[in-house]
Amino acid sequence: MTENEKIRAMVMIYGQQYTISGTETTEHMQQVAAIVDKKMREIHSVNPNLNTSALAVLTAVNTIHEYIKLQEKYETLEEEFKQLKD
């Protein structure tokens, strides 16, 4: 398989089956789907009256929030490492 060759994976997210494709391994795509599924179920447990669309949007918002926080932490650690190196 070449670096840019896309592969397909069947995944289950919140009780729905999806076919996703990408250049990562099937295992990676399954892991991503499992994390999305887990996050949707966590949000649903707190907000059981949300419809699936609202639940998906809140899941995306929460996931991007977590991503930004991790990115900020990474940049801080990278800067600290750079200062220690100098």
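Residues numbered from 1 in each chain as written. Predicted model: local features only at pLDDT ≥ 70, side-chain atom pairs only at ≥ 80, totals over all residues. Heavy atoms only, no water.

Visitor: Which parts of the structure should I look at to understand a negative patch on the surface?
Guide: A surface patch of negative charge is lined by Glu75, Glu78, Glu79, Glu80 and Asp86. Here Glu78 is to be found in helix H2 (residues 52–85). (Patch = residues over 30% accessible without salt bridge, like charges linked within 9 Å, V, L, I, M, F, W, Y side chains within 5 Å. Areas by Shrake-Rupley, 256 points an atom, 1.4 Å probe, with all protein chains shown as cover. Salt bridge = Lys/Arg side-chain N within 4 Å of Asp/Glu carboxyl O. Lys, Arg positive; Asp, Glu negative; His and termini not counted. Charge placed at Lys NZ, Arg CZ, Asp CG, Glu CD. Helix = DSSP H or I, 4+ residues; strand = E, 2+ residues; numbered from the N terminus.)

Visitor: Is there a simple way to think about the pattern of salt bridges in this case?
Guide: Two side chains that carry opposite charge are able to pair once their charged atoms sit near each other. Enumeration according to the criterion identifies 4 salt bridges in this entry. In this structure, Asp37 engages Arg41 in a salt bridge whose closest nitrogen and oxygen atoms are separated by 2.9 Å. With Asp37 and Arg41 both in helix H1 (residues 26–46) and 4 residues apart, this pair spans about one turn of that helix. Asp37 gets classed as buried once you look at its relative accessible area, which sits at 16%. Overlapping salt bridges bring together Lys39, Glu42 and Glu66 as one network. (Buried < 20%, exposed > 50% of the residue type's maximum accessible area, 1.4 Å probe, protein only.)

Visitor: I would appreciate a short explanation of the layout of surface pockets in the present structure.
Guide: Using a probe with the size of a water molecule, rolled over the atoms, empty space left in the structure can be pinpointed. Here the largest pocket defines a volume of roughly 250 Å³. Around the largest pocket, the lining residues are Val32, Ile35, Val36, Lys38, Lys39, Glu42, Thr59, Ala60, Thr63, Glu66, Tyr67 and Leu70. Of all the secondary-structure elements, those providing two or more residues to the lining of the largest pocket are H1 and H2. Its residues assigned to classes, the lining of the largest pocket shows 6 nonpolar, 2 polar and 4 charged. (1 Å grid on protein atoms, 1.4 Å probe; cavity = no way out; pocket = protein on both sides within 12 Å on 5 of 7 lines; lining within 4 Å. Points joined across faces, edges and corners; volume = space filled by probe spheres on them. Nonpolar A, V, L, I, M, F, W, Y, C, P; charged D, E, K, R; others polar.)

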